[in-house]
Amino acid sequence: MEEKIKELSEKIIRLLKEKKIQEVKEIIDDIYPTELAELTDYLPLEQTIEIFKLIKDDEKIAELLSELNSELQSNIMDALGKEKASDILEEMDTDEAADFLGEITPEESRELLDLMPKEEAEEIKELLKYEENTAGSIMNNEFVALHEDLSAEEAINKIRELSPEAEMVYYVYIVDKREKLIGVISLRDLIMANPKAKISEFMEEDVVSVLDTEDQETAARIIADYDFLALPVTNKKGTLLGIITVDDIIDVLQEEVTEDIHKMVGSSEVYEDKLIKASPLTRAKARFPWLLVCMAGEILSGSVIKLHSDTLQTVMAMAFFIPIIMAMGGNVGAQSSTIAVRGLATGQLKIDELWHNIWTETKVGSLIGIVVGIIIALVALVWQDDFVLGLVIGLSLCLTMITAATIGTLLPLIFTKIKIDPAISAGPFITTIVDVGSLLIYFSLGTFLFKWFSG
């Protein structure tokens, strides 16, 4: 697929240079929006803009723009001019238009909104009021809502009238006279119903919805749990404000995962695909602070080794197993942390079950530690022919595994409790703490046991 896109980009560049505009138009007419997004990775900005200038259908431009990143969207809109940009915004879904306007300067945003029809501009302004990453900020206020006193036949006629403006009509939401959400009907049930029956008679009254001020991850979790195609959004009074569709949720999940991964590697200020395309200096600046955390941790680890240098000089073979102790502890800590962070993100791990979760992971660490500890003890015994050394290494690795599993689960839960994003607890924090802890366990046990048996 990548090769095909690359070849297509080369073909488009050649056709543009040869001024074969009609052939370029035919290619763009047949291309999927997602393919165009991939294509722009291989096209210079000037030629990407040239392609969009060839498209006369504003709805087509809006559809294609929806797949591009915000920076590229802004460059294209600037090149097309404000009048054209406002026409394109009219064709966009309101949530996508709000996303775009939220990325540009307030002055530019106001200017574009002033050029739009008043009613559509007001709808977008309502979405712009919401804080980023809330359910309200990603909802679409183009939906089908009907009043409860309509018959099935009247409802279907009303849908025919409203559906061109709606993003999705798989669900029909029922509201009372105060626009409060009181029910939902699937389009299938509506079609199959008695034409004369009131929709209030067969609507589903137990409607699952999300508050407009709740986190977008809550909406994502509900849609995933219930397998909805769309989720209604209400305010605290129960008034229906909009819907969040499953395609918006896929985007949310992708953004959240990308954000968490960037935080784990210390690039929390660089999201989406910006890090991979950033300059070497930008990449280095994003990662450098966290590497300093690691370096400080390793200096502590070195201090632990120096503190027990007498033991090392007495039993030189202990040095052979330091990498194993540190690496295995770090790996278990990272595994436990990853499970905890993901569990918190998906809602499977509840903060009020703190001690139960820690105890469970401690038992997991104990089981792994016992098995691995016995194996490494036997390896040390056979390799170095030293029973005490085997005992020290086996016990140390076992205790390190237990400690690492506990810390790997404990830190994300504590950070969540004190309102710090748990994603930042992974990587450097876990590695540093486990490295220092594992060496303290190893050398303390070694010092004690060698003195005990030699005494």
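Located above this text is the structure these notes cover.
None of the values given here were measured: they were computed from a predicted structure.

Reading the values: rules and limits
Residues numbered from 1 in each chain as written. Predicted model: local features only at pLDDT ≥ 70, side-chain atom pairs only at ≥ 80, totals over all residues. Heavy atoms only, no water. Phe/Tyr/Trp six-rings, centres within 6.5 Å; stacked < 30°, edge-to-face > 60°. Buried < 20%, exposed > 50% of the residue type's maximum accessible area, 1.4 Å probe, protein only. Helix = DSSP H or I, 4+ residues; strand = E, 2+ residues; numbered from the N terminus. Core = buried A, V, L, I, M, F, W, Y, C linked by side-chain atoms within 4.5 Å. Contact = heavy atoms within 4.5 Å. Pairing = 2+ DSSP bridges. Axes fitted to C-alpha atoms, helices over the stretch in contact; angles between N-to-C directions. Parallel < 35°, antiparallel > 145°, perpendicular 65-115°, else oblique. Nonpolar A, V, L, I, M, F, W, Y, C, P; charged D, E, K, R; others polar. Salt bridge = Lys/Arg side-chain N within 4 Å of Asp/Glu carboxyl O.

Chemist: Is there a simple way to think about the packing of aromatic side chains in this case?
Modeler: Geometry of an aromatic ring pair is reported as the spacing of the ring centres plus the angle between the planes. As enumerated under the stated definition, the model contains three aromatic pairs in all. Pairing Tyr 171 with Tyr 173 gives two aromatic rings, centres 6.5 Å apart and planes at 55 degrees, and the pair type is tilted. Accessibility assignment for this pair places Tyr 171 and Tyr 173 in one class, buried. Taken together, a centroid distance of 6.4 Å and an interplanar angle of 75 degrees make the contact between Tyr 171 and Phe 228 edge-to-face. Highlighted residues: Tyr 171 in strand β2 (residues 171-175) and Phe 228 in the loop between α15 (216-226) and β5 (230-234), separated in sequence by 57 residues. Through successive ring pairs, a cluster of aromatic residues spans Tyr 171, Tyr 173, Tyr 226 and Phe 228.

Chemist: What's the story with the nonpolar core in this structure? I'm lost.
Modeler: Note on soluble globular proteins: their nonpolar side chains tend to be buried together. In terms of nonpolar packing, the biggest core is built from 55 residues, with Ile 12, Phe 52, Leu 65, Leu 89 and Ile 244 touching the most fellow members. In terms of residue count, the dominant contributor to this core is helix α1 (residues 2-17) (five residues). Among residues more than four places away in sequence, those in contact with Phe 52 are Leu 36, Ile 61, Leu 64, Leu 65, Leu 68, Ile 76 and Leu 80. Formed by 31 residues, the second largest nonpolar core is a distinct cluster that contains Val 388, Ala 404, Ala 405 and Ile 407.

Chemist: What should I look at first to understand the sheet that holds strand β3 (residues 181-186) in this one?
Modeler: Whenever strands of a sheet pair, they do so through backbone hydrogen bonds, lying parallel or antiparallel. Spatial ordering of the open sheet is given by β1-β2-β3, a layout of three strands whose pairing is mixed. Whereas interior strands pair on both sides, the edge strands pair on one side only; in this sheet they are β1 (145-147) and β3. Geometrically, the sheet is characterised by an average inter-axis angle of 35 degrees between neighbouring strands, direction not taken into account. Looking at chain direction, β1 and β2 are connected through three bridges and run parallel. Looking across to β2, one finds that Ala 145 is bridged to Tyr 173. The strands touched by helix α12 (residues 152-162) are β1 and β2; relative to β1, the strand with the most contacts, the crossing angle is about 145 degrees.

Chemist: Explain unusual backbone geometry to me, please; I cannot follow it from the model alone.
Modeler: The general pattern is negative phi for most residues beyond glycine and trans for most peptide bonds. Positive phi values are uncommon outside glycine, yet Lys 19 reaches one of about 60 degrees. Counting through the fold element by element, Lys 19 comes out in the loop between α1 and α2 (21-30). In this structure, Asn 133 is a non-glycine residue whose phi angle is positive, near 70 degrees. Examined against the element boundaries, Asn 133 turns out to sit in the loop between α10 (118-128) and α11 (135-138). Residue class for Asn 133 comes out partly exposed when judged on its relative accessible area of 28%.

Chemist: I tried to follow the packing of helix α5 (residues 58-65) against helix α7 (residues 82-91) on my own but got confused; where do I start?
Modeler: Packed helices, taken two at a time, are described by their axes: the angle between them and the distance between them. Where α5 contacts α7, the axes come no closer than 8 Å and their chain directions differ by 75 degrees. Taken as axis vectors, α5 and α7 run roughly perpendicular relative to one another. Across the interface between the two elements, Asp 58, Glu 59, Ile 61, Ala 62 and Leu 65 from α5 touch Lys 84, Asp 87, Ile 88 and Glu 91 from α7. Residue composition of the contact of α5 with α7, grouped by class: four nonpolar, no polar and five charged.

Chemist: What is the right way to look at the pattern of salt bridges in this model?
Modeler: Once their charged atoms are close, side chains differing in charge can pair, the charge on each being opposite to the other. In the structure shown here, the tally under the stated rule is nine salt bridges. With its nearest N and O atoms 3.9 Å apart, the salt bridge here joins Arg 14 to Glu 18. The class for Arg 14 is partly exposed, based on a relative accessible area of 40%. Judged by relative accessible area, which is 38%, Glu 18 ranks as partly exposed. The salt bridge partner of Lys 158 is Glu 161, with a shortest N-O separation of 3.7 Å. Of the two residues, Lys 158 and Glu 161 both sit in helix α12, three residues apart, roughly one turn of that helix. Taken together, the salt bridges that share partners define one network made up of Arg 14, Glu 18 and Lys 20.

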